[in-house]
Amino acid sequence: MNNTTSLADLLMRGPRGRRLLLEYAIASDRLHDPEYREDSFNAGVFLASYHLDPGKGTSVQLIGDVGAEIQEVTPAEVAARLETVALAEVTPELLRDCVAESVGSARYWQEGDGSDVLAATVEMQAPLRRVAEHVAASVHAEWWGEPVAECSQWQVEWDDAPPHEIMTDPTASLRKVQDQIIEEELVAKRERPSDVTANWSGTWWSRAPWELPSTTRTLFDGSPAGLWFVEDSLGWEQADTRRLGIPAGLRIFEIDTAEAWADLCARFPIEVTAQKRHDWYRTTGRDGAWVIPDWAKVAEHYDAVHLQVQAYLSAAGTAIPVDEQAATVIAGWDPDQTFWFTPNVRYIDEAVRWVLEENGERTDWVRQENQP
């Protein structure tokens, strides 16, 4: 994107972008007024989100007196409080933390949580737009719309998991995945209920196969983005990272907008309606045909696919039209993630160990000192 208004529009368009803006406002309020007050913006978000959460009273409960009446705060009241919040100066650290909060709260197997619901209400749009324009005006958000940083790409391996290796024949592996998706679709059509509201879940992601090398760039503090921006995290507390060497001239498909993702699906579709309809109905509200990219066919034309941060924030978790019948969802992708389909990349240098350490009231990824 080449202007701040366009980036602001993108941030307002998707649930992950709106959640980023809400988290930025929360952080701003906390920085300027760390004391808890019942009439504060943060208190309003907390209470309104609880009452709006689809799991209120069941999967989501407040700790306290069972019979106590919980104050109800409306989205209009939260919006009014947000108008008075002094927005914090945009820093790389604050943006990183807010993106991480938004990514960590993504879920594609059920409805969005109460904070996502709150951020999507009509009442919150105008005050969140103020936050969007504030964030979009910063130079620290410019890289969200940049192509893959070929000189600085890192694979993250969590908690001593077996390392990803460069495949000599990735196409063969992708064809196996292709066969598995086709077979799963046949089984799902035969065995799963066609009622989209049925209590059923399956493989909700649309990213490329996890067996492939996948990388993210280095952030301002030297840490890989993949340490921070993690969907559906299992709470890992340590990771090894390896730098990927990338030769010149590779064919990299850039997902910079929802339309780019839709184009990839339209050119190389594989149907996943029966296996994903229940999860994706709950997260998008859409009932219809679904497709994702056939990665085996994509790999015949491209060496890698990169999901830009701005595309993630504007489109992840939404129903993206592909044609008159089918739609698709960006799900299970981490922002700035690149999947590599080629054997012509190499890991270089030694692995670097990172550990999650407490730093006051927060936790940070810290490079271990005994690493080179």
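Let me sum up the structure you'll find in this document. Because the structure is predicted, anything quoted here is derived from the model rather than measured.

Focus: the sheet that holds strand E8 (residues 320–321)
The pairing of strands in a sheet comes from backbone hydrogen bonds and takes either a parallel or an antiparallel form. One open sheet accounts for 4 strands, arranged E5-E6-E9-E8; its pairing is mixed. Looking at which strands have only one partner, the edges of the open sheet turn out to be strand E5 (269–271) and E8. Bridge count for strand E6 (residues 289–293) against strand E9 (residues 326–328) is 2 bridges, and the pairing is parallel. Across the sheet, residue Ala-289 finds its bridge partner in E9, namely Ala-326. Of the strands in this sheet, E5 and E6 touch helix H8 (residues 170–191), which is tilted by about 35 degrees from E5. The sheet strands contacting helix H11 (residues 273–284) are E5 and E6, and the helix crosses E6 at an angle near 105 degrees.

Regarding the environment of Ile-246
Looking at the secondary structure, you find Ile-246 in the loop between strand E3 (238–245) and strand E4 (252–255). Separated by 64 residues in sequence, Ile-246 and Ile-182 place their C-alpha atoms 32 Å apart. Residue contacts for Ile-246: discarding those within four places in its chain leaves Glu-150, Gln-153, Trp-340 and Val-345.

Description of the environment of Leu-250
With respect to the helices and strands, the residue Leu-250 is situated in the loop between E3 and E4. Overall, the relative accessible area of 17% leaves Leu-250 in the buried class. It is 37 Å that separates the C-alpha atoms of Leu-250 and Ala-188, two residues lying 62 residues apart in sequence. The residues contacting Leu-250, other than those within four sequence positions of it, are Asp-303, Trp-340, Thr-342 and Val-345.

Quick notes on unusual backbone geometry
Positive phi, normally seen in glycine, also occurs at Asp-232, with a value near 50 degrees. Structurally, Asp-232 can be placed in the loop between helix H9 (225–228) and E3. Of note in the backbone geometry, Asp-349 takes a positive phi value of approximately 65 degrees without being a glycine. Residue position: Asp-349 is located in strand E11 (residues 346–359). Judged by its relative accessible area of 56%, Asp-349 falls in the exposed class.

Examining the pairing of E6
Among the 5 residues that make up E6, 4 are buried, leaving the element largely enclosed by the rest of the structure. By the bridge criterion, 3 bridges tie E5 to E6 in an arrangement that is antiparallel. For Pro-269, the partnering residue across the bridge sits in E6 and is Pro-293.

Some thoughts on the packing of aromatic side chains
Overall, the coordinates contain 12 aromatic pairs when judged by the stated rule. Aromatic pair Trp-280 and Trp-290: ring centres 5.2 Å apart, planes at 80 degrees, arrangement edge-to-face. Separated by 10 residues along the polypeptide, Trp-280 in helix H11 and Trp-290 in strand E6 bring together distant segments of the chain. The pair formed by Trp-280 and Trp-290 is uniform in burial state, with each residue classed as buried. Chaining the aromatic ring pairs together yields one cluster made of Trp-261, Trp-295, Trp-333, Phe-339 and Phe-341.

Looking at the pattern of salt bridges
Evaluation of the coordinates by the stated rule reveals 23 salt bridges. For Asp-33, the salt bridge identified is with Arg-37, shortest N-O distance 2.8 Å. Between Asp-39 and Arg-37 there is a salt bridge whose closest N-O contact spans 2.4 Å. On the accessibility criterion, Arg-37 (34% relative accessible area) is partly exposed.

Scoring rules and cut-offs
- Residues numbered from 1 in each chain as written.
- Predicted model: local features only at pLDDT ≥ 70, side-chain atom pairs only at ≥ 80, totals over all residues.
- Heavy atoms only, no water.
- Pairing = 2+ DSSP bridges.
- Helix = DSSP H or I, 4+ residues; strand = E, 2+ residues; numbered from the N terminus.
- Contact = heavy atoms within 4.5 Å.
- Axes fitted to C-alpha atoms, helices over the stretch in contact; angles between N-to-C directions.
- Buried < 20%, exposed > 50% of the residue type's maximum accessible area, 1.4 Å probe, protein only.
- Phe/Tyr/Trp six-rings, centres within 6.5 Å; stacked < 30°, edge-to-face > 60°.
- Salt bridge = Lys/Arg side-chain N within 4 Å of Asp/Glu carboxyl O.

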